[in-house]
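Coordinate analysis (summary)
One letter stands for each residue in the lines below.
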Amino acid sequence: MKQLPQADGSSTQGTADTVRTAGGFRSDKTAGTTSATSGSASTHPSPTPIRGVNLGNWLVLEKWMEPALFEGYPAEDEDTLATVAPKDQLAQRIRHHRDTYITEQDFREIAACGMNLVRLPVPYTVFESEPPLGGAWRYVDKAMRWARTYHLRVLLDLHTAPGGQNGFDSSGLIGAVTWHKKPQNVEKAITVLEGLAHRYGHDPALFGIEVINEPVSWPVFFSNRKKLVARNPKDKRYSSYVPMSFLRQYYRATYKRLRRYLPDDKAIVFHDGFRFGLWRDFFKRNQMTNVYVDAHVYLSAAERIARVHSPWAYRLFLRWQRRRIRSMQRVVPVLVGEWCVENEWAKNLDPEEMNLDQFDDAQRRRFAHVTRMQLNCFEQAAGWMYWSWKLEPSPHTAPDALWKECWDFRRCLMHGWLPDMAE
């Protein structure tokens, strides 16, 4: 890995004395000397409930969140954009976006809203310097500095992987899920994680590191395979879901190698891979300490499956989630790493049945009602993080559709759809 300057002027290099093992994974020669004990996987959970927001679309682009970044190019995802756009022109656009989309002012406002954590999605290219997408580490440095200033914690989330881990645009590569099939890509992801741990592991603002975002399960992969089509025909043929056997092996490998750099008080977070219930005894059995399991709970996703848009249906779904979270929380801390207020019942209110003031009030009450149900569910967890902090750069600029308003934390607060967390 390229040697990078640290904020204090020294240098860091994300490499380790490791040996290769079967399956393409590597294992630290000294990784077995971690502080894992034979008790349970609970271990230093945050004493204060975590209340946070995601900084989506800052360092990992998602076209639906800010289409203007893709304007003029035939691209639907970050990887394609970097391929089809002239490097110099795109590099200038990306640099302006990163300089202005999230600034110190955002961190000040996040803290003022009563939040105590930001989840920062980073790409696997975070330490690369080549344009147009290189240099993201400079902004991670800024984020850590701003977090220290405003007493926030940061969860660094590896949001993309070479070859793609779920086929969503948030992975940087629509339709492609080949990361887990190529040992060199798996090793690349782990090496990037080591670099993050080595560079930021002793930063007081660091809460922890999430080792991969949303590795896709069989049901989720096959339900989206016709809608999310890879641009490269070879990727389309080669793509498949991420098996549980692979994911367990990857999680064991990343834990061992990250603990070489991360102090015991820094968390390691594992996404459930859309298989929440299967992780119940995994962390205890593998003697992992200070770990969390991350579940993403979206009502809007549940509605696409059940197609019932009513509070009673939401209540049943959230009661089920509440029981699952409470049960898992007994053995390992749970984070709801992504959620939002979007739901069809609130969005589909008919404006013709009332005047504008009545409509706004009725809509506010509907969104607020569903939000209360969700927060009541998430109280069972160690914490939650809203997706996302913002869509449009200015909170006073309305997105081009009502559903997008739901994904902008600041707009939801303005509308009264979310409670004031600072109270």
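Quick summary incoming for the structure in this document. Please read all numbers here as calculations on a predicted model, not as lab measurements.

A separate point is the overall build of the protein chain. Helix and strand content of the protein chain: 15 helices and twelve strands. Counting the 423 residues in the protein chain, one finds 57% classified as buried. Carbon and sulfur atoms make up 51% of the accessible area of the protein chain, which totals about 17,900 Å².

Further remarks concern the state of the cysteines. A covalent bond between the sulfur atoms of two cysteines is referred to as a disulfide. Inspection of the entire model under this criterion finds zero disulfides. The cysteine C406 is free of any disulfide, with C412 supplying the nearest cysteine sulfur at 5.8 Å. With relative accessibility at 0%, the residue C406 sits in the buried group.

With parallel pairing, the eight strands of this closed barrel are ordered in space as β5-β6-β7-β8-β9-β10-β11-β12. Here the strands of the sheet are splayed against their neighbours by 25° on average, with no regard to which way each runs. Pairing of strand β5 (residues 50–54) with strand β12 (residues 383–386), which is carried by four bridges, proceeds in the parallel orientation. The residue of β12 that forms the bridge with R51 is W384.

Positionally, H151 belongs in the loop between α4 (136–149) and β7 (153–158). Of the residues examined, H151 reaches a relative accessible area of 71% and is grouped as exposed. Residues H151 and L117 lie 34 residues apart in sequence; the distance between their C-alpha atoms is 8.8 Å.

Each aromatic ring pair is summarised here by two numbers: the centre-to-centre distance and the angle between the ring planes. Overall, the coordinates contain 26 aromatic pairs when judged by the stated rule. When the ring of Y251 is compared with that of F270, the centres are 4.8 Å apart and the planes differ by 50°; the resulting orientation is tilted. In this pair, Y251 sits in helix α8 (residues 244–258) while F270 sits in strand β9 (residues 267–271), placing the two residues 19 residues apart along the sequence. Here Y251 matches F270 in class, with each residue buried. Three or more aromatic residues link up through ring pairs in this structure, and these residues are W179, F246, Y250, Y251, F270, W279, F282 and F283. Just above the ring of W320 sits the side chain of R324; from NZ or CZ to the centre is 4.4 Å.

Thresholds, definitions, all that
- Per chain, residue numbering runs from 1 following the sequence as it is written.
- Local features in this predicted model are restricted to residues whose pLDDT is 70 or higher, and side-chain atom pairs enter the listing and the counts only when it is 80 or higher, whereas totals over whole chains, interfaces and linings include all residues.
- The side-chain quantities take in all heavy atoms of the structure and omit both hydrogens and water.
- Strands here mean DSSP runs of E at least two residues long; helices mean DSSP runs of H or I at least four residues long; both are numbered from the N terminus.
- Working definition: with a 1.4 Å probe on protein chains only, accessible area under 20% of the residue-type maximum means buried, over 50% means exposed, and in between means partly exposed.
- Only the protein chains shown count as cover for residues, and all accessible areas are computed by the Shrake-Rupley method using a 1.4 Å probe.
- Pairs of cysteine sulfur atoms within 2.5 Å are what we label disulfides.
- Only strands that DSSP links by at least two bridges are regarded as paired with each other.
- Note on geometry: axes are C-alpha line fits, over the in-contact stretch for helices, and angles between N-to-C directions span 0 to 180 degrees.
- Two rings from Phe, Tyr or Trp (for Trp, the six-membered ring) form a pair when their centres are within 6.5 Å of each other. A pair whose planes differ by under 30 degrees is stacked, one over 60 is edge-to-face, and the rest are tilted.
- A positively charged side chain is recorded as over a ring if its NZ (Lys) or CZ (Arg) lies within 6 Å of the ring centre. The angle to the ring normal must also be within 35 degrees.

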